[in-house]
Amino acid sequence: FLPLEMDVTRTNFEDVFPHVQQAIQESDFVALDTEMTGLLVDSSLRNASADDFPNRYEKIRAAGVSFLVVQFGLATFQWAQDRLLCKPFNFWLWPRSYGK
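Read on for a plain summary of the structure. This one's a predicted model, so the numbers in the text were calculated from it and none came from an experiment.

1. Observations concerning the sheet that holds strand β3 (residues 69-80)
Next up, step 1: Spatially, the four strands line up as an open sheet ordered β1-β4-β3-β2, and their pairing is mixed. Sheet topology places β1 (7-8) and β2 (29-36) at the edges, where each strand pairs with a single neighbour.
Next up, step 2: Pairing of β2 with β3 involves eight bridges; the strand directions are antiparallel. Within β3, the position partnered with Ala-31 by the bridge is Ala-75.
Next up, step 3: Strands β1, β3 and β4 (83-92) of the sheet are contacted by helix α1 (residues 13-26), whose axis makes an angle of about 145 degrees with β4.

2. A closer look at α1
Next up, step 1: Here α1 is 14 residues long and its end C-alpha atoms lie 20 Å apart, about the 20 Å a rise of 1.5 Å per residue gives.
Next up, step 2: Among the residues making up α1, those that are buried are Val-16, His-19, Val-20 and Ala-23. The buried residues of α1 occupy an angular sector of 110 degrees when projected down its axis, which confines them to one face. Those residues of α1 that are exposed and angled more than 90 degrees off the buried face are Glu-14 and Gln-25.
Next up, step 3: Taken together, the buried residues of α1 touch β1, β3 and β4.

Analysis parameters
Residues numbered from 1 in each chain as written. Predicted model: local features only at pLDDT ≥ 70, side-chain atom pairs only at ≥ 80, totals over all residues. Heavy atoms only, no water. Pairing = 2+ DSSP bridges. Helix = DSSP H or I, 4+ residues; strand = E, 2+ residues; numbered from the N terminus. Contact = heavy atoms within 4.5 Å. Axes fitted to C-alpha atoms, helices over the stretch in contact; angles between N-to-C directions. Expected span 1.5 Å × (residues − 1). Buried < 20%, exposed > 50% of the residue type's maximum accessible area, 1.4 Å probe, protein only. Arc of directions from axis to C-beta.

This is how it looks when you write it as structure tokens:
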């Protein structure tokens, strides 16, 4: 069972969260995503094709500690016969959505 509404807000969190937990438990794998208030602290932190993993991590980390996460995305995936079923959820974190 998947709730009709995949947007998780402060007002529907308690109703939707059991479905999120069930989707995670039944999944074969999950994907996570964040939407932030910005991406680059400055142009020197832009990813370059010559970056090794530690260097790229440090650049991404600099953005991660400099900006706020405003939305968190979670998608669960489950193999069902010859199909891949996806159950996506969007958690709206900030700013608080009034009227939702």
